[in-house]
Amino acid sequence: MKPLAIVTGVGPGTGSAIVRRFHEGGFAVAMLARNVERLAELENALPDAFAVPCDVSDPDALQTALEQIEARAGVPEVVVHNAVGGAFGTFQDIDPAILERNFQVNVMALLHLARWTAPRMAKAGKGALIATGNTSSQRGRAHFAGFAPTKAAQRILAESIAREMGPQGVHVAYLLIDAVIDVPWTRERYPDKPDDFFIRPVDIAEEIWHVAHQPKSAWSFLTEVRPFAESW
């Protein structure tokens, strides 16, 4: 049986690139997202990648999806929480319900994934749980009030899980993406930017593959990626 990876937030950019990288690396890949059509396209294109339509902000739906995955493909060796809830606006403008939903996607879904995944990985003596994040996890800029608090909480939650599970053989890591990801809608938003302004989803996926396969003597928790010309 092939090793299993679970990827949440399988969209047209980073999520799909992660799926393709692990599929190329010999993994069976369980793909979680709300967009059934997109998942079906990937499922048809990639043998051993299978769709599990799910809204990760719904704990019951997520639990059901994980149980279905385990029944079909066993215990995962890698779980990547790439699903993201975002909203932009001042703290006075945003609907508080939006912040609450983003918290469910970014933080609570990671907690539920970890509570289900980590004990199984610890029993197996191996495994990696990786969350994709961004610079909003480290600072709260104006107009990011509906987003940054949830990413900061996500990073701290991941670190807490990492400190507990690392000694049990489970690698928990946080990939901070300090860049504009190269997808169609960002190209439309920044039509005058050169190619090297963007970070390519395939390069993000390659770094996730690398982190997931770090030797136990050299695990990292916080990894940052950005284009060479990015100002930071």
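Scroll up a little and you will see the structure.
Quick summary incoming for the structure in this document. These figures come from a predicted structure and were not determined experimentally.

What follows deals with the overall build of the protein. Within the protein, the regular secondary structure consists of seven helices and nine strands. For the protein, whose C-alpha radius of gyration is 17 Å, the value lies close to the compact-globule estimate of 17 Å for 232 residues. Considering only C-alpha atoms, the protein reaches an extent of 45 × 35 × 35 Å along its principal axes. Within the protein, the fraction of its 232 residues that count as buried is 48%. Carbon and sulfur atoms provide 52% of the accessible area of the protein, an area that totals close to 11,500 Å².

Quick look at the packing of aromatic side chains now. Per the stated rule, a full pass over the model turns up seven aromatic pairs. Where Phe27 meets Trp209, the ring centres are 5.8 Å apart and the plane angle is 80°; that geometry is what we call edge-to-face. Taken together, the residues Phe27 in the loop between helix H1 (14-24) and strand S2 (28-33) and Trp209 in helix H7 (residues 201-212) connect sequence positions 182 residues apart. The buried category is assigned to Phe27, whose relative accessible area is 4%. On the accessibility criterion, Trp209 (16% relative accessible area) is buried. Seen in terms of ring centroids, Phe197 and Phe198 are 5.0 Å apart; in terms of plane orientation they differ by 90°. Their pairing is edge-to-face. Members of the aromatic cluster, connected to one another through ring pairs, are Phe22, Phe27 and Trp209. Between the NZ or CZ atom of Lys193 and the centre of the ring of Phe197, over which it lies, the distance is 4.9 Å. The residue whose ring lies beneath Arg226 is Trp232, and the NZ or CZ to ring-centre distance is 3.9 Å.

It is worth spelling out the side chain of Thr186 at this point. With respect to the helices, strands and loops of the structure, Thr186 is situated in helix H6 (residues 184-189). Not counting residues up to four positions away in its chain, the partners in contact with Thr186 are Val180, Ile181 and Phe198.

If you add up the space inside the largest pocket, you get close to 1,600 Å³. Elements supplying a minimum of two residues to the lining of the largest pocket: H1, S2, helix H4 (96-124), strand S5 (128-134), strand S7 (180-181) and H6. Here the lining of the largest pocket is built from residues that sort into 22 nonpolar, 16 polar and 10 charged. Space inside the second largest pocket adds up to approximately 200 Å³. Lining the second largest pocket are 15 residues; nearest its centre among them are Lys126, Gly127, Ala128, Ala212 and Gln214. Grouping the amino acids of the lining of the second largest pocket by side-chain chemistry returns six nonpolar, six polar and three charged.

The two faces of strand S9 (residues 222-225) differ: Thr223 and Val225 on one face are buried, but Leu222 and Glu224 on the other face are not. When strand S6 (residues 171-177) meets S9, the two strands line up parallel, connected through four bridges. Counted as the bridge partner of Leu176 is Glu224 from S9.

Strand order in the open sheet formed by seven strands is S3-S2-S1-S4-S5-S6-S9, with parallel pairing between adjacent strands. This sheet does not close on itself; its edge strands, each paired only once, are strand S3 (49-53) and S9. Pairs of neighbouring strands in the sheet enclose a mean axial angle of 20°, with direction left out of account. On top of the sheet, H4 reaches strand S1 (4-8), strand S4 (78-81) and S5; it is set at about 175° to S4, its chief contact.

About the cut-offs
- Residues numbered from 1 in each chain as written.
- Predicted model: local features only at pLDDT ≥ 70, side-chain atom pairs only at ≥ 80, totals over all residues.
- Heavy atoms only, no water.
- Helix = DSSP H or I, 4+ residues; strand = E, 2+ residues; numbered from the N terminus.
- Rg over C-alpha atoms; globule rule 2.2 N^0.38 Å.
- Buried < 20%, exposed > 50% of the residue type's maximum accessible area, 1.4 Å probe, protein only.
- Areas by Shrake-Rupley, 256 points an atom, 1.4 Å probe, with all protein chains shown as cover.
- Phe/Tyr/Trp six-rings, centres within 6.5 Å; stacked < 30°, edge-to-face > 60°.
- Lys NZ or Arg CZ within 6 Å of the ring centre and 35° of its normal.
- Contact = heavy atoms within 4.5 Å.
- 1 Å grid on protein atoms, 1.4 Å probe; cavity = no way out; pocket = protein on both sides within 12 Å on 5 of 7 lines; lining within 4 Å.
- Points joined across faces, edges and corners; volume = space filled by probe spheres on them.
- Nonpolar A, V, L, I, M, F, W, Y, C, P; charged D, E, K, R; others polar.
- Pairing = 2+ DSSP bridges.
- Axes fitted to C-alpha atoms, helices over the stretch in contact; angles between N-to-C directions.

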